[in-house]
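These are the residues of each chain, in order.
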Amino acid sequence: MKQVRPKKNLGQHFLVDLSIARRIADTVDACPQLPVLEVGPGMGVMTQYLLEKPRQLKVVEIDRESVSYLRAHFPQFAEGENAAAAPQIIEGDFLRMDLSQLFSGGQFVLTGNYPYDISSQIFFKMLDNKDLIPCCTGMIQHEVALRMASQPGNKQYGILSVLIQAFYDVEYLFTVEPSVFNPPPKVQSAVIRMTRNQVTDLGCDEQLFRRVVKTVFGQRRKMLRVSLRQLLPADAPIFVTHADFLTKRPEQLSIPEFIQLTNLVESEQS
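Parameters and conventions
Counting from 1, residues in each chain are numbered in the order their sequence is written. Only residues with pLDDT of at least 70 get local features here, since the model is predicted, and only at 80 or more are side-chain atom pairs given and counted; chain-wide, interface and lining totals rely on the full set of residues. Values shown for side chains rest on all heavy atoms present in the structure; no hydrogens or waters enter the calculation. Joining through side-chain atoms within 4.5 Å is the link that ties buried Ala, Val, Leu, Ile, Met, Phe, Trp, Tyr and Cys residues into a set, and such a set is a nonpolar core. Using a 1.4 Å probe on the protein chains alone, a residue whose accessible area is under 20% of its type maximum counts as buried, one over 50% counts as exposed, and one in between counts as partly exposed. Note on contacts: a residue pair is in contact if any heavy atoms of the two residues lie within 4.5 Å. Count a disulfide wherever a pair of cysteine sulfur atoms falls within 2.5 Å. Here the axes come from fitting lines to C-alpha atoms, over the contacting stretch only for helices, and the angles between their N-to-C directions go from 0 to 180 degrees. In this description a helix means any DSSP run of H or I spanning at least four residues, a strand means any run of E spanning at least two, and both kinds are numbered starting from the N terminus. Here the angle decides the label: under 35 degrees means roughly parallel, over 145 means roughly antiparallel, 65 to 115 means roughly perpendicular, and every other value means oblique. Nonpolar residues are Ala, Val, Leu, Ile, Met, Phe, Trp, Tyr, Cys and Pro. Charged residues are Asp, Glu, Lys and Arg, and all others, Gly as well, are polar. At least two DSSP bridges between two strands are needed for those strands to be called paired. In the sections that follow, a salt bridge refers to a side-chain nitrogen of Lys or Arg positioned within 4 Å of a carboxyl oxygen of Asp or Glu. Of all possible arcs, the one meant is that of the directions from the helix axis to the C-beta atoms.

Visitor: So what's going on with the nonpolar core? Residues and values would help.
Guide: Generally speaking, a soluble globular protein has its nonpolar side chains buried in company with each other. With 59 residues, the main nonpolar core has Leu 110, Phe 123, Met 148, Ile 164, Met 194, Phe 209 and Phe 258 as its most contacted residues. Leave out the neighbours within four places in its chain, and Phe 209 touches Val 162, Leu 163, Ala 166, Leu 202, Cys 204, Phe 258, Ile 259 and Thr 262.

Here it is in structure tokens:
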């Protein structure tokens, strides 16, 4: 069977360097014993190394041509189709999947060479299922990886930084050059690992927390007292009682300060 043709509409850039593929696959070892879900396996360059690990593997692929290729080249999937712990190919859209049904409601490691155009959506879905995903690894666009790992006071610090770091410890592992892909992307890539921290309760309304973070970073160059006018009336007492705090800009706030801000907003809304 011929190789799969990369499809631009799916954001496919197939990794062709086997040594890098193995390095990425090995990032899941930070969470041993748990089963693994690989998103977007393509022609299985990472899958082949994940299959070597003594744990259950499922892969989800939206491209029918890639699914056919995987079935033809990796008999492990076909051989164990009826066994509960056997490797499995799921044909479908990861973003539309009910992740609680994948491993009988159990936890798993999420990994993959993620399509650039939906990587942020993938991580927002991870956050929605954070109790199921104690570890997430994989390859994404270099710029997105920098944002995810960035600290306050840095120009890359933004929505992804705050929302993910509230619940995960983020590690930027290594950079990957465009030349190891077919076709080569126009930007560098990076491999990251996110490991669930000990936070079970933020200490504020989580949905409002997300809304506050997105609102103020939507006007990141403005002081909080300006951007918060989208959420609060102009005469809200917070603008007087916390005037100094609200002269800050969003990239200056730590996660505890965003939690404090969320509680202040909630107190004004109640």
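Additional details are given in the paragraphs that follow.
Visitor: Quick rundown of the state of the cysteines? Include the residues and the values.
Guide: Taken as a whole and assessed by the stated rule, the structure comprises zero disulfides. In this structure Cys 135 is a free cysteine whose sulfur lies 3.3 Å from that of Cys 31, the closest cysteine sulfur available. A residue is classified by how much of its surface remains accessible, and Cys 135, at 0% relative accessible area, is buried.

Visitor: Please provide a residue-by-residue account of the packing of helix α8 (residues 206–217) against helix α11 (residues 255–269), values included.
Guide: Packing of α8 against α11 brings their axes to within 9 Å, and their N-to-C directions diverge by 105 degrees. Viewed along their axes, α8 and α11 adopt a mutual orientation that is roughly perpendicular. Residues Leu 208, Phe 209, Arg 211, Val 212, Val 213, Val 216 and Phe 217 of α8 lie in contact with α11, whose contacting residues are Phe 258, Ile 259, Leu 261, Thr 262, Val 265, Glu 266 and Gln 269. In terms of residue class, the contact of α8 with α11 is made up of 10 nonpolar, two polar and two charged.

Visitor: I'd like a description of the sheet that holds strand β4 (residues 88–91), backed by residues and values.
Guide: As summarised here, the arrangement of the seven strands in space is β4-β3-β2-β5-β6-β9-β7, forming an open sheet in which the pairing is mixed. Whereas interior strands pair on both sides, the edge strands pair on one side only; in this sheet they are β4 and β7 (168–176). In this sheet, adjacent strand axes meet at a mean angle of 20 degrees when their direction is disregarded. By the bridge criterion, four bridges tie strand β2 (residues 36–39) to strand β3 (residues 57–61) in an arrangement that is parallel. When the sheet's bridge partners are listed, Leu 37 is paired in β3 with Lys 58. Sitting on the sheet, helix α1 (residues 18–26) is in contact with β6 (135–141), β7 and β9 (189–196), with an inclination near 175 degrees to β7. Across the sheet, helix α6 (residues 142–149) touches β6, β7 and β9, and the angle it forms with β6 is around 135 degrees.

Visitor: Explain the pattern of salt bridges to me, using residue names and the numbers behind them.
Guide: Taken as a whole and judged by the stated rule, the model has 12 salt bridges. Of the charged contacts in the structure, one is a salt bridge between Glu 52 and Arg 22, with a shortest N-O distance of 3.5 Å. Taken together, the positions of Glu 52 in the loop between α2 (47–50) and β3 and Arg 22 in helix α1 put the pair 30 residues apart, joining distant regions of the chain. For Lys 53, the salt bridge identified is with Asp 26, shortest N-O distance 2.8 Å. Here Lys 53 is found in the loop between α2 and β3, whereas its partner Asp 26 is found in helix α1, with 27 residues between them in sequence. Under the relative-accessibility criterion, Asp 26 is labelled partly exposed at 35%. Because the salt bridges share partners, they merge into one network encompassing Asp 26, Asp 29, Lys 53 and Arg 55.

Visitor: Please give an account of α1 that cites residues and values.
Guide: Buried residues of α1: Ile 20, Ala 21, Ile 24 and Ala 25, and no others. Down the axis of α1, the buried set is contained in an arc of 140 degrees. They therefore lie on one face. Check the buried side of α1 and you find it contacts β1 (14–15), α2, β6, β7 and β9.

This is a description of form; function is not addressed.
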